[in-house]
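# Tertiary structure, described
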Amino acid sequence: MARITIPEIQARKGQEPIVALTAYDVVSAKLAEEAGVELLLVGDSAAMVVLGHEDTLPITMEEMLVFARAVARGSEKALIVGDMPFLSYQTGPGEAIFNAGRFLKEGGCQAVKIEGGEEVAQIVEAVVKAGIPVLGHIGLTPQRASALGGYKVQGRDLESARKLWRDAEALVEAGVFALLLECVPAELAQKITQKVPIPTLGIGAGPHTDGQILVFHDVVGLWPRFRPKFVRTYAQLASEIRRAVEAYVRDVKERDFPGPEESFKISPEVLKDLDR
Ligand code: KIV
């Protein structure tokens, strides 16, 4: 089965909304794709929701590639985008091309995502020129949360809105195939969406972007630690899983599990012969 292509994603601009979601393993990739998700981002949010770090900075290329390969094995149709982790691209175009290439060559991805605007535009351009499609990511860029003064909505004042505008222009110029806008006021995201010739994907960017993206664990209620305002949670899997595991614990303690239907049998003759 052929995967959805970048030109097909781009053709959706202003037409049908693009549905994107993060995935980190075979199960999340398969379930998301079966439900109709078209773009799977192997997000560096794995650092937090899978590996338990406080932020996204510690995750390495090697760890990201393990997740990317699992997502590639779990999906057939979705476009898979590998998220370039902190310090895998900021050091310069050579290292950026090398690491981005690893997502395609070893990770089974079709594109990569790079955080940042004007300041990384040259690096993004080099990666694109190497033949590696790039999804840009501006607004709240979690790898820069410390420099941004925390996890805050971006583009609320004139200076910051103008900066976002310049970031979007610089990345379009650099050749990104689509632009992710994170934590941006809805009207500003709408203006950027109208202005750029490529699709925008929003997370906390209101309803006017060309598509939406969320973190898998937030959508299915697997991440009870923190729920940002922009998340809509469609299931409460954490409590459902806890309920199931508590029932298992109870059944084992009470010797109710395994029952006859979950046990294997041996013929009475063999058993008799054993005692001889
Ligand atoms: O890593 C991530 O989950 C992201 C989000 C913006 C989707 O980059």
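Reference entry: report on the structure contained in this document.

Calculation rules
Residues numbered from 1 in each chain as written. Predicted model: local features only at pLDDT ≥ 70, side-chain atom pairs only at ≥ 80, totals over all residues. Heavy atoms only, no water. Phe/Tyr/Trp six-rings, centres within 6.5 Å; stacked < 30°, edge-to-face > 60°. Buried < 20%, exposed > 50% of the residue type's maximum accessible area, 1.4 Å probe, protein only. Pairing = 2+ DSSP bridges. Helix = DSSP H or I, 4+ residues; strand = E, 2+ residues; numbered from the N terminus. Axes fitted to C-alpha atoms, helices over the stretch in contact; angles between N-to-C directions. Contact = heavy atoms within 4.5 Å. Salt bridge = Lys/Arg side-chain N within 4 Å of Asp/Glu carboxyl O. Right-handed = clockwise from strand over helix to strand, strands pointing away.

### As for the packing of aromatic side chains
Tallied over the entire structure, the rule returns one aromatic pair. Geometrically, the ring pair formed by Tyr248 and Phe257 is edge-to-face, given 5.9 Å between the ring centres and 70° between the ring planes. Residue Phe257 is classed as partly exposed on the basis of its relative accessible area of 35%.

### Structural notes on the sheet that holds strand β4 (residues 111–115)
What the eight strands build is a closed barrel, ordered β1-β2-β3-β4-β5-β6-β7-β8; its pairing is parallel. Sheet twist, expressed as the mean angle between neighbouring strand axes with direction ignored, is 25°. In the sheet, strand β5 (residues 134–139) pairs with strand β6 (residues 178–182) via five bridges, with the strands oriented parallel. Looking at β6, one finds that Gly139 is bridged to Glu182. Docked against the sheet, helix α4 (residues 61–74) engages β2 (39–42) and β3 (79–83), running at close to 155° with respect to β2.

### Examining the pattern of salt bridges
Counting across every chain of the model gives 16 salt bridges. Residue Lys163 is joined to Glu118 by a salt bridge in which the shortest nitrogen-to-oxygen separation is 3.5 Å. Here Lys163 is found in helix α7 (residues 158–174), whereas its partner Glu118 is found in the loop between β4 and α6 (121–129), with 45 residues between them in sequence. For Glu118, a relative accessible area of 33% gives the class partly exposed.

### Quick notes on the pairing of strand β1 (residues 18–22)
Along β1, four of the five residues are buried, which leaves the element largely enclosed by surrounding structure. Here four bridges tie β1 to strand β8 (residues 211–214), and the two strands are oriented parallel to one another. Each bridged residue has a counterpart across the sheet, and for Ile18 the counterpart in β8 is Gly211. Looking at chain direction, β1 and β2 are connected through three bridges and run parallel. Each bridged residue has a counterpart across the sheet, and for Ala20 the counterpart in β2 is Leu39. Tracing the backbone out of β1, into helix α2 (residues 26–34) and back to the parallel element β2 gives a crossover that is right-handed.

Note that every value here comes from positions in space, so none of it alone points to a role or purpose.
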